[in-house]
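# Examining the three-dimensional arrangement
Take a look at the letters that make up each chain.
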Amino acid sequence: MKFAIAVFSPAHAPSSRRALLFAQAALAGGHEIVRLFFYQDGVHSASGNIVTPQDEQDVPAQWREFVTQHGLDAVVCIAAALRRGVLDEQEAQRYQRTAVNLPAPWELSGLGQLHEAAQVADRLVCFGGN
Amino acid sequence: MTTLHVLSHSPFGDNRLASCLRLLGNADAVLLTGDAVYALQPGSEPRRQLSERRLATRLFALEEDLQARAIDPAGLALAIDYPAFVELSIRFDKVNSWL
């Protein structure tokens, strides 16, 4: 079964962690994740500048490790990311901003990637809220 | 076409649960996650509404979210883990998250 997973909440929201645990369970169950799409406040889940308190789960680091380990296609919505200050090298240069906070394995791209993932996958599962 | 409705907001803050129950098809199911598990709080109005719908085997709640909030589903909802969540998303034709 092919899954597309969309995350609408930042890394400090419980729903971002829920999306991660769902994605891990999907792979563990022998399923495929065709794309992870980070939209709206979900773009913060991809930020490389998040510092998690030592006594809390470092969900952004867990996302990064999960995406890297499984070589997943992890797309961050470019329009949502720009307005929230989540920039890769190219966008920081384009808009003359001093900070870059979207390192690999994340990739900035458009909403079309969510649409395509929804067409390709058997199930689109969205995560947001609390 | 069957749908798994996934709720994640507290039923005491908005109308998502009521809207969801209004739209719920006869073969659809509800999964309570995060603060939405507060709908199972004993003696509450949302719990009464859920009981009235007699969802029986079509009402689920994420076990760790129940545990984190000390909510006992007490026969009303089936507590599930993440592998079961994945299986549910496959059993139903679509997953609709009430974002």
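The structure under discussion appears in the preceding block.
Summarised in this report is the structure supplied together with it. A quick note: this is a predicted structure, and the numbers were derived from the prediction, not measured. The numbers attached to residues start from 1 for each chain and follow its sequence in the written order. For naming, the first written chain is A and the first written ligand is 1, with later ones following in the order written. Local features in this predicted model are restricted to residues whose pLDDT is 70 or higher, and side-chain atom pairs enter the listing and the counts only when it is 80 or higher, whereas totals over whole chains, interfaces and linings include all residues. Here the side-chain values reflect all heavy atoms present in the structure, with hydrogen atoms and water set aside.

### Overview of helix α1 (residues 16-23) of chain B
Leu17, Ser19, Cys20 and Leu21 of chain B are the residues of α1 of chain B that are buried. At its buried positions, α1 of chain B is contacted by β1 (3-7), β2 (29-32), α2 (45-52) and β5 (94-98) of chain B. Residue burial is assigned from relative accessible area. The probe radius is 1.4 Å, only protein chains are included, and a residue is buried under 20% of its type maximum, exposed over 50%, and partly exposed in between. Note on conventions: DSSP H or I runs of at least 4 residues are helices, E runs of at least 2 residues are strands, and numbering of each starts at the N terminus. Any two residues having at least one pair of non-hydrogen atoms within 4.5 Å are treated as being in contact.

### Here we look at the interface of chain A and chain B
Listed as interface residues are 18 residues of chain A and, on the opposing side, 21 residues of chain B. Carbon and sulfur atoms supply 63% of the area that chain A and chain B bury against each other, a total of about 1500 Å² over both sides. Here the quantity called buried area is the accessible surface, traced with a 1.4 Å probe, that two parts lose on coming together, added over both. Interface area lost by chain A to chain B is led by Arg18, Arg123 and Asn130 of chain A, which between them contribute 35%. The salt bridge definition used is simple: a Lys or Arg side-chain nitrogen within 4 Å of an Asp or Glu carboxyl oxygen. Connecting chain A to chain B are two salt bridges. A salt bridge links aspartate 65 of chain B to arginine 18 of chain A; its shortest N-O distance comes to 3.8 Å. By the criterion applied in these results, polar contacts are pairs of N or O atoms within 3.5 Å in which, for protein atoms, one can donate a hydrogen and the other can accept it, and in which residues neighboring in sequence qualify only through two side-chain atoms. At the boundary of chain A with chain B, the tally comes to nine residue pairs in polar contact (both at pLDDT 80 or more).

### Quick word on the sheet that holds strand β3 (residues 59-62) of chain B
Residue and element names in this part refer to chain B. The strand order across the open sheet formed by five strands is β4-β3-β2-β1-β5, and the pairing between neighbours is parallel. Each edge of the sheet is formed by a strand with only one pairing partner; in this case those strands are β4 (78-80) and β5. The mean angle between the axes of side-by-side strands here comes to 25°, regardless of whether they run parallel or antiparallel. Strands pair, by our definition, only if DSSP identifies at least two bridges between them. Note: β2 against β3, three bridges, orientation parallel. Looking at the pairing, leucine 31 lines up with phenylalanine 60 of β3. Inter-axis angles, ranging from 0 to 180 degrees, are taken between N-to-C directions of lines fitted to C-alpha atoms, where helices are fitted over the stretch in contact.

### With respect to the packing of aromatic side chains
All names here are of chain A. Pairing of aromatic side chains here covers Phe, Tyr and the six-membered ring of Trp, requires ring centres within 6.5 Å, and sorts the geometry by plane angle: under 30 degrees stacked, over 60 edge-to-face, intermediate tilted. Summed over all chains, the structure comprises 10 aromatic pairs over all chains. Residues phenylalanine 22 and phenylalanine 127 carry aromatic rings whose centres are separated by 5.4 Å and whose planes lie at 55° to one another, so their mutual orientation is tilted. Of this pair, phenylalanine 22 sits in helix α1 (residues 14-28) while phenylalanine 127 sits in strand β5 (residues 123-127), and the two are 105 residues apart along the sequence. By the burial criterion, phenylalanine 22 is buried, and phenylalanine 127 matches it.

### Quick notes on the sheet that holds strand β3 (residues 74-77) of chain A
Residue and element names in this part refer to chain A. If you walk across this open sheet you meet the five strands as β4-β3-β2-β1-β5, and the pairing is parallel. A strand with exactly one partner marks an edge of an open sheet, and here the two such strands are β4 (107-109) and β5. The sheet shows a mean angle of 25° between the axes of neighbouring strands, taken without regard to direction. Set on the sheet, helix α5 (residues 112-120) makes contact with β1 (2-7), β2 (32-38), β3, β4 and β5; between it and β2 the angle comes to about 155°.

### A look at the side chain of asparagine 101 of chain A
All names here are of chain A. Positionally, asparagine 101 belongs in the loop between α4 (89-94) and β4. Assessed through its relative accessible area of 9%, asparagine 101 is described here as buried. There is a polar contact of 3.1 Å between the side chain of asparagine 101 and the backbone oxygen of glycine 85.

### Some remarks on the packing of α1 of chain A against helix α4 (residues 82-91) of chain B
Closest axis-to-axis distance for the α1 of chain A/α4 of chain B pair is 8 Å, and the angle between their directions is 75°. The orientation of α1 of chain A relative to α4 of chain B falls into the category roughly perpendicular. Contacts between α1 of chain A and α4 of chain B involve Arg18, Leu21, Phe22, Ala25 and Ala26 of chain A from the former and Tyr82, Pro83, Phe85, Val86 and Ser89 of chain B from the latter. Oblique is the label for every angle not falling under 35 degrees (roughly parallel), over 145 degrees (roughly antiparallel), or within 65 to 115 degrees (roughly perpendicular).

So yeah, pure geometry; function would need other evidence.
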